[in-house]
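Report on the structure
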Amino acid sequence: MSKLPLADLAARIPAGAMLALPPDNSLTAAEFARALVRAGARDLHLLGVPVSGYATDLLIGAGCVARVTTSAVTLGEAGLAPRFAAAVRAGTLAVTDATCPAIHTALQAAEKGVPFMPLRGVIGSDILAHRPDWKIIDNPFADGPDPLLLIPAIAPDFAAFHAVCADEAGNVYVGRRRELATIAHAARRVLVTVERIVPGNLLEDERMAAGTINGVYVEAVAVAARGAWPSALLDEYPADAAHLMDYAKLARSADGFATYLATHVLPDTARAA
Amino acid sequence: MNEEILIAAMARLITDPAQPPARHVAVGAASPIPAAACWLARHKGADLRLSLLHRPRGNPFTEGSRELFDLAGQGRIDLFFLGGGQIDGQANLNLLGTGEWPGRTVRFPGSFGSAFMYFMTPRTILFREEHTPRVLVPKVDMISAPGLSPPGIFRRGTAQALVTGKCVFAFDAARGRFRLASLHPGETAETIRAATGFTYDEDPATPETAPPSEADRALLRGPVCDEMLETYPEFCRRVWGRTGKEAA
């Protein structure tokens, strides 16, 4: 694990990369997304695990995204994701629709190193009609006919999330949000922002170990204080609902979104240590 | 206080003795009214376990939504709530959008887990506050999750009912049709017909949706709101005028 300035972490994502991001309620790398905008990221393929929020809407609005694979894009109580909706209407964004457990399943297949995994449900949904990469087989273990969906594995080029802390050994602490371990296991390269670096080794602490992702999966870490803002970070800080509402309002128009970028994103607030 | 009527109606659907029991109920993202209905049922004595996906503190899952879907896949969740940008008379749900794929006219957020959950739980209560012909359509433009599946497709259940801002519809899966079950105060059979794009069955006399009792209202404004404040502060402020910062 190397410890980098935030801007250098963002610079590791090349144009065209597939980047997996958690939703707003699960340690979203919001400051990292703002750093990607500042770095001029281009043609990204964002994967919502399993849905997408503020970070994805921001990156779409800033012109960093060519494709989104996700089960939904939402700002939660602040409503619809305005830049996503505008890009879909304009036809400037390719969207691959999924359903939440299908994305989890694709990543679980990748973490096991198998080419696909089955999933119940979905048959009869138009999502399936638009997913030539998903296949229906007849369950080979059933006594009678039993159609079953197969989901191919997804190993994203990158995953990024915001953890509470990293230790000196490069392990990162995500608390109860252990679904992030699946993303980390499945992605080829994992970049993590953290509130702080702590001394020692979290995996040697019995109480912390279960909420810790082994540093073997983590390529690099950058410190970004309040890096999940305006989303919440576990019990560290709550969501800034008023800011999300303001974002949702401003991002309804291209001009308003430009104002938001100029105010909250483009000036590098130099949060990174 | 229209919300309180919806919450009370939904709480009665949750504990409906004619339905398979709801021992474990899960509530997904951005669902304050279903969450309040579950809490009301619990505070009225229903023995149900509640898993709220978006509870910030004391979240029931240690593997996020992946754990929710795994639980549902195994049949460990009895009842879930779904909505839709469009809902049609066969209880098909559209959370994708309208116009050309994937929603070039109006894009909704996306399907979330609906294409899976609708199949996996024995019961689903559909909820959409807006009751207009643009939401309740004869046929959805796109299907996120189908209301019915042909024989041979693994499925534990489908819609039990659809609660809107105007009425409650019960869903008859065998017939693939909704039936008008009760009218919220101020509505008539005619106002519902005018606001509904799909056809449904109707008895000669449809009862009014029973309002919450005074005891129910006290529960809603007190302990139910207490449970909701952290997850849905805006909803609690709007409906009950509470911020959680009042003097105890």
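Provided above is the structure to which this section pertains.
For the rest of this paragraph, the subject is the overall build of chain B. In terms of helices and strands, chain B carries seven helices and 12 strands. Relative to its length of 248 residues, chain B is compact, with a C-alpha radius of gyration of 18 Å against a globular reference of 18 Å. Out of the 248 residues in chain B, the part that is buried amounts to 57%. For chain B, restricting intrachain contacts to residue pairs at least 6 apart in sequence, the fraction spanning at least 24 positions comes to 70%. Carbon together with sulfur atoms contributes 53% to the accessible area of chain B, which is approximately 10,000 Å² in total. Side-chain charges in chain B split into 28 positive and 27 negative, and the spacing between the mean points of these groups amounts to 3 Å.

Okay, the overall build of chain A next. Secondary structure assignment for chain A yields 10 helices and 13 strands. Taken over C-alpha atoms, the radius of gyration comes to 19 Å for chain A, in line with the 19 Å a tight globule of 273 residues would show. Dimensions of chain A, computed from the C-alpha atoms along their principal axes, are close to 60 × 50 × 30 Å. Out of the 273 residues in chain A, the part that is buried amounts to 58%. Taking as baseline every contact in chain A between residues at least 6 positions apart, the subset at least 24 positions apart corresponds to 73%. Of the accessible surface of chain A, which amounts to about 10,500 Å², a share of 54% is contributed by carbon and sulfur atoms.

This brings us to the sheet that holds strand β6 (residues 116-119) of chain A. Residues and elements named next belong to chain A. The antiparallel open sheet is built from three strands, whose spatial order is β6-β8-β7. Looking at strand neighbours, the two that pair on one side only are β6 and β7 (135-138), the edges of this open sheet. Each adjacent strand pair in this sheet contributes to an overall mean axis angle of 40°, direction not counted. Relative to strand β8 (residues 147-152), β7 runs antiparallel, the two sharing four bridges. Its bridge partner being in β8, Ile-137 is matched across the sheet by Leu-148.

Side-chain pairs of opposite charge can arise whenever the charged atoms involved come near each other. Residues and elements named next belong to chain B. For the coordinates displayed, the defined rule picks out 28 salt bridges over all chains. Between Arg-175 and Asp-201 there is a salt bridge, and its shortest N-O distance comes to 3.0 Å. Of this pair, Arg-175 sits in the loop between β11 (167-172) and β12 (177-183) while Asp-201 sits in the loop between α5 (189-195) and α6 (214-228), placing them 26 residues apart in sequence. Judged by its relative accessible area of 21%, Asp-201 falls in the partly exposed class. One salt bridge connects Glu-214 with Arg-217, and the closest N-O pair in it is separated by 3.7 Å. Taken together, the residues span about one helical turn, with Glu-214 and Arg-217 both in helix α6 at a distance of three residues. For Glu-214, a relative accessible area of 61% translates into the label exposed.

Further remarks concern the packing of aromatic side chains. Residue and element names in this part refer to chain B. All chains considered together, the criterion is met by 12 aromatic pairs over all chains. Relative to Phe-198, the ring of Phe-169 lies with its centre 5.5 Å away and its plane at 55°, an arrangement referred to as tilted. In this pair, Phe-169 sits in strand β11 while Phe-198 sits in the loop between α5 and α6, placing the two residues 29 residues apart along the sequence. Take Phe-169: its relative accessible area is 0%, and that puts it in the buried class. We classify Phe-198 as buried; its relative accessible area is 3%. Both rings, one in Phe-235 and one in Trp-240, keep their centres 5.6 Å apart while their planes meet at 85°; by these two values the pair is edge-to-face. Judged by its relative accessible area of 10%, Trp-240 is buried. The lysine or arginine in question, Arg-155, covers the ring of Tyr-118, its NZ or CZ lying 4.9 Å from the ring centre.

Thresholds applied
- Residues numbered from 1 in each chain as written.
- Chains lettered and ligands numbered in written order.
- Predicted model: local features only at pLDDT ≥ 70, side-chain atom pairs only at ≥ 80, totals over all residues.
- Heavy atoms only, no water.
- Helix = DSSP H or I, 4+ residues; strand = E, 2+ residues; numbered from the N terminus.
- Rg over C-alpha atoms; globule rule 2.2 N^0.38 Å.
- Buried < 20%, exposed > 50% of the residue type's maximum accessible area, 1.4 Å probe, protein only.
- Contact = heavy atoms within 4.5 Å.
- Areas by Shrake-Rupley, 256 points an atom, 1.4 Å probe, with all protein chains shown as cover.
- Lys, Arg positive; Asp, Glu negative; His and termini not counted.
- Charge placed at Lys NZ, Arg CZ, Asp CG, Glu CD.
- Pairing = 2+ DSSP bridges.
- Axes fitted to C-alpha atoms, helices over the stretch in contact; angles between N-to-C directions.
- Salt bridge = Lys/Arg side-chain N within 4 Å of Asp/Glu carboxyl O.
- Phe/Tyr/Trp six-rings, centres within 6.5 Å; stacked < 30°, edge-to-face > 60°.
- Lys NZ or Arg CZ within 6 Å of the ring centre and 35° of its normal.

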